[in-house]
Amino acid sequence: MSDDATIETDVIIIGAGPIGLFAVFELGLLDLKCHLVDILDRPGGQCAELYPEKPIYDIPGIPIVTGQELVDRLLEQIRAFHPHFHFSEMVQSLTKLPDGRWQITTDADTTITAHAVVIAAGGGSFVPKRPPIPGIENYEGKSVFYAVRKMEQFRGGNILIAGGGDSALDWTLNLAPIAKKLTLVHHRDGFRASQHSVNQMRELVNEGKIDFHVASVKALHGEDGVLDGVTLSGADKTEWHHETDALLPFFGLTMKLGPIANFGLNLHENLVPVDTEKFESTTPGIFAIGDINTYPGKLKLILSGFHEAALMSQAAFRIARPGEKLRFQYTTSSSSLQKKLGVN
Amino acid sequence: MKIIATDRKGKIHEIDGNDGWTVMEALRDAGLPIAAECGGACACATCHVYVDGEWFEKLPKQRAEETDMLDMAVAAESNSRLSCQITCTPTLDGLKVTLAPE
Ligand SMILES: Cc1cc2nc3c(=O)[nH]c(=O)nc-3n(C[C@H](O)[C@H](O)[C@H](O)COP(=O)(O)OP(=O)(O)OC[C@H]3O[C@@H](n4cnc5c(N)ncnc54)[C@H](O)[C@@H]3O)c2cc1C
Ligand code: FES
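The shown structure was predicted, so the numbers you read here are calculated from the model rather than taken from an experiment.

## Overview of the pattern of salt bridges
In the structure shown here, the tally under the stated rule is 22 salt bridges over all chains. For Arg101(A), the salt bridge is made with Asp99(A), and the minimal N-O distance between the two is 3.0 Å. A residue is classified by how much of its surface remains accessible, and Arg101(A), at 18% relative accessible area, is buried. One salt bridge connects Glu102(B) with Arg8(B), and the closest N-O pair in it is separated by 3.8 Å. Of this pair, Glu102(B) sits in the segment after β5 (95-99) while Arg8(B) sits in the loop between β1 (2-6) and β2 (12-16); the two residues are 94 residues apart in sequence, bridging distant segments of the chain. Through salt bridges with shared partners, one network takes in Glu8(A), Asp99(A) and Arg101(A).

## A closer look at the site of ligand 1
Near ligand 1, the surroundings consist of 35 residues, among which Asp38(A), Tyr51(A), Asp58(A), Asp291(A) and Ile302(A) are the closest. At the site occupied by ligand 1, nearby residues are drawn from chains A and B. Backbone polar atom of Phe126(A) to an oxygen atom of ligand 1: 3.3 Å apart, as the coordinates give it. Contact with the protein chains hides 92% of the accessible area of ligand 1, taken as 1000 Å² for the molecule alone. Elements supplying a minimum of two residues to the shell around ligand 1: α1 (18-29), β3 (34-38), α2 (45-49) and β11 (125-128) of chain A.

## Some remarks on a negative patch on the surface
Among the surface-exposed residues, Glu223(A), Asp224(A), Asp228(A) and Glu243(A) lie close enough to one another that they form a single negatively charged patch. Relative to the assigned elements, Asp228(A) resides in strand β15 (residues 226-234).

## Observations concerning the interface of chain A and chain B
Listed per partner, the contact involves 22 residues of chain A and 21 residues of chain B. The contact between chain A and chain B buries some 1700 Å² in all, and 51% of this surface belongs to carbon and sulfur atoms. Summed over the shared surface of chain A and chain B, the result is five salt bridges. Lys218(A) is the salt-bridge partner of Glu77(B), the closest N and O atoms lying 3.1 Å from each other. Where chain A packs against chain B, one counts 12 residue pairs in polar contact (both at pLDDT 80 or more). Top element by residues in the side of chain A that touches chain B is strand β18 (residues 253-256) of chain A. It accounts for three residues. Taken together, the residues of the side of chain A that touches chain B break down into eight nonpolar, seven polar and seven charged.

## Brief notes about the domain arrangement of chain A
You can read the domains of chain A as domain 1 (7-127 + 255-340) and domain 2 (130-251). When each unit is reduced to the centre of its C-alpha atoms, the spacing between domain 1 of chain A and domain 2 of chain A is 38 Å.

## Some words on the sheet that holds strand β17 (residues 246-249) of chain A
Residues and elements named next belong to chain A. A sheet is described by the order of its strands in space; here six strands give the open sequence β16-β15-β14-β13-β12-β17, paired in mixed fashion. The sheet is open, and its two edges are formed by β16 (239-243) and β17, each paired on a single side. Averaged over all neighbouring strand pairs, the angle between strand axes comes to 35°, with direction disregarded.

## Comments concerning helix α3 (residues 67-78) of chain A
Residues and elements named next belong to chain A. With 12 residues, α3 should reach 16 Å at 1.5 Å per residue; the first-to-last C-alpha distance of 17 Å fits that figure. Within α3, burial applies to Gly67, Leu70, Val71, Leu74 and Ile78. On an axial view of α3, the arc spanned by its buried residues comes to 100°, and they lie on one face. Against the buried residues of α3 lie α1, α2, β4 (55-56), β5 (65-66), β6 (84-87) and α6 (302-320).

## So, the nonpolar core
Core analysis: the largest hydrophobic core is formed by 62 residues, its most contacted members being Ile13(A), Leu27(A), Ile119(A), Ile289(A) and Met312(A). When near neighbours in sequence (up to four residues on either side) are disregarded, Ile119(A) contacts Ile14(A), Ile260(A), Leu265(A), Ile286(A), Phe287(A), Ala288(A), Ile289(A) and Ile292(A). Counting 31 residues, the second largest nonpolar core, distinct from the first, contains Ala5(B), Val49(B), Leu59(B) and Met69(B).

## Considering the sheet that holds strand β1 (residues 7-8) of chain A
Residues and elements named next belong to chain A. Across the sheet, four strands lie side by side as β1-β9-β8-β7; this open sheet has mixed pairing. Across the chains shown, the open sheet's two edge strands, defined by having one partner strand only, are β1 and β7 (91-96). Sheet topology places strand β8 (residues 102-106) next to strand β9 (residues 111-114); four bridges connect them, and they run antiparallel. Residue pairing in the sheet places Thr105 in a bridge with Thr111 of β9.

## Some words on the packing of aromatic side chains
The description of an aromatic ring pair uses the distance of the two centres, along with the angle that the planes make with each other. Residue and element names in this part refer to chain A. Counting across every chain of the model gives eight aromatic pairs over all chains. An angle of 40° between the planes, with centres 4.7 Å apart, marks the rings of Phe22 and Phe306 as tilted. A residue pair is termed long-range when its members are at least 10 positions apart, and Phe22 in helix α1 and Phe306 in helix α6 qualify at 284 residues. Phe306 carries the same exposure label as Phe22, and that label is buried. Between Phe279 and Tyr295, the aromatic rings sit 5.4 Å apart at their centres with planes inclined by 70°, giving edge-to-face as the arrangement. With a gap of 16 residues between them, Phe279 in the loop between β19 (272-273) and β20 (286-288) and Tyr295 in the loop between β21 (293-294) and α6 connect regions that are remote in the sequence. Across the pair, exposure class does not vary: Phe279 and Tyr295 are buried alike.

## Focus: the environment of Val117(A)
Residues and elements named next belong to chain A. Looking at where Val117 falls in the secondary structure, it is placed in strand β10 (residues 116-119). Sequence separation between Val117 and Lys33 is 84 residues, and the spatial gap between their C-alpha atoms is 12 Å. If near-sequence neighbours (up to four positions away) are discounted, Val117 is found in contact with Ile12, Ile14, Leu94, Trp102, Gly285, Ile286 and Phe287.

## A word on the side chain of Thr46(B)
All names here are of chain B. Here Thr46 is to be found in the loop between α1 (23-29) and β3 (48-51). What makes Thr46 buried here is its relative accessible area of 16%. At 2.9 Å, the side chain of Thr46 and the backbone nitrogen of Glu37 are in polar contact.

## Some details on the environment of Asp71(B)
Its place among the elements puts Asp71(B) in the loop between α3 (64-69) and β4 (80-82). Here Asp71(B) falls in the buried class, since its relative accessible area comes to 0%. In sequence terms Asp71(B) and Ala45(B) are 26 residues apart; their C-alpha atoms lie 8.3 Å from each other. In this structure, Asp71(B) is in contact with Gly164(A), His186(A), His187(A), Arg188(A), Gly190(A), Phe191(A), Arg192(A) and Phe251(A), ignoring residues within four places of it in sequence. A polar atom in the side chain of Asp71(B) sits 3.3 Å from the side chain of His187(A).

Here is what the cut-offs are and how they apply
- Residues numbered from 1 in each chain as written.
- Chains lettered and ligands numbered in written order.
- Predicted model: local features only at pLDDT ≥ 70, side-chain atom pairs only at ≥ 80, totals over all residues.
- Heavy atoms only, no water.
- Salt bridge = Lys/Arg side-chain N within 4 Å of Asp/Glu carboxyl O.
- Buried < 20%, exposed > 50% of the residue type's maximum accessible area, 1.4 Å probe, protein only.
- Helix = DSSP H or I, 4+ residues; strand = E, 2+ residues; numbered from the N terminus.
- Near = heavy atom within 4 Å.
- Polar contact = N/O pair within 3.5 Å; in protein donor to acceptor, adjacent residues only side chain to side chain.
- Areas by Shrake-Rupley, 256 points an atom, 1.4 Å probe, with all protein chains shown as cover.
- Patch = residues over 30% accessible without salt bridge, like charges linked within 9 Å, V, L, I, M, F, W, Y side chains within 5 Å.
- Lys, Arg positive; Asp, Glu negative; His and termini not counted.
- Charge placed at Lys NZ, Arg CZ, Asp CG, Glu CD.
- Contact = heavy atoms within 4.5 Å.
- Buried area = accessible area lost by both parts, 1.4 Å probe.
- Nonpolar A, V, L, I, M, F, W, Y, C, P; charged D, E, K, R; others polar.
- Domains from an automatic or database assignment.
- Pairing = 2+ DSSP bridges.
- Axes fitted to C-alpha atoms, helices over the stretch in contact; angles between N-to-C directions.
- Expected span 1.5 Å × (residues − 1).
- Arc of directions from axis to C-beta.
- Core = buried A, V, L, I, M, F, W, Y, C linked by side-chain atoms within 4.5 Å.
- Phe/Tyr/Trp six-rings, centres within 6.5 Å; stacked < 30°, edge-to-face > 60°.

Pasting the structure below:
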């Protein structure tokens, strides 16, 4: 990749969960600009993905707020700092440049250079759940897909979709018109998906356009990652062979540490040990805040992560602006902070 | 109460379930590898267990929320439950569960 394609900024934040978002605020007060990368297609991490509608009661000063409301408020709070988001991208690598700065690359070939990197990766990156079918990894990307990037790829195919949530049903409805044959399997004759999609799916089944079986996939058959059939097992445990050339399992997301494991950082049980003054890892310039870090007494709470973000920012400033003086100020009384916040 | 839990390697563990705790919490407290990513909020299905034999019938019925969330479990069977939705009570003494694959 040529140099001019590289984005330059002050701080890279890996993970746009609540703590990564609040870090934008604390860094912003110190005039540090941020780029955030998240594999999810939207901000909020666990709050948005796992409990958008559930209440949180222990955010200081906000007696009750739902996961999504907290994310929305954080976004409002950091808007003045114009953070740059790179969604649906996985940070793949972290390297130190000869000039002392850090560079990350993503699976979408985005390259970003910065003075400091903040790992706010929470419980790890959200990735699709993989059904425990022996050898499934050999088929992934060739015949087994956890997401549909190009629908055309499935035109004329003999497709098998597994799952009972909204993604399973939405893709059943979207791919049915272009597939040669489409079969949906689910472990029960009931669905978590929206009633409207379920009704539409049942209509297609009645019209004979698609098949639905109460069954699960037990084995994959094929060669060199190319599927030609699967073994299905029904509710009564009878097994049968089903011909197919693509399997799309949709069972939602799970958190996996992912590429961070290969960044060359010191890890302890998949967490990044940090000090409690700067929340810096044992690699200078690489910070870790929120659920991903560990230190004596650590609590995986949002409020702890907010505190960590504030202290980390002071240390990141010293790296990004060597020789400049840090002035301690309150947002209540500092007109320069208020100007940055756009409230004055 | 006691819970008889079979891990993914087939090893059997007899663990304590404090009354009022969930089975997920008991499994986690005993150090068994149960992800329980959402901490018991019925929002992740990574606390999935199979309930052995007649115990399945003896458990209090699942709520609609649990039935729905089980749709996100990767290897659901007819005796699947989310262990965060089962509360330990003296009547469940001897409950037999098997950790579902990850
Ligand atoms: C059901 C539930 C209820 C909770 N209730 C409370 C509560 O009441 N109070 C409280 O304080 N806390 C609560 N928590 C915990 C709280 O949600 C977490 O502490 C918080 O989300 C941690 O924020 P984070 O930003 O550190 O990480 P996360 O929210 O986990 O976000 C990390 C983000 O980083 C991304 N990521 C990781 N690695 C990569 C990579 N390599 N490339 C790209 N992206 C990556 C992930 O996709 C994710 O979006 C609850 C959690 C759950 C699940
Ligand atoms: S712990 Fe998440 S559903 Fe039980």
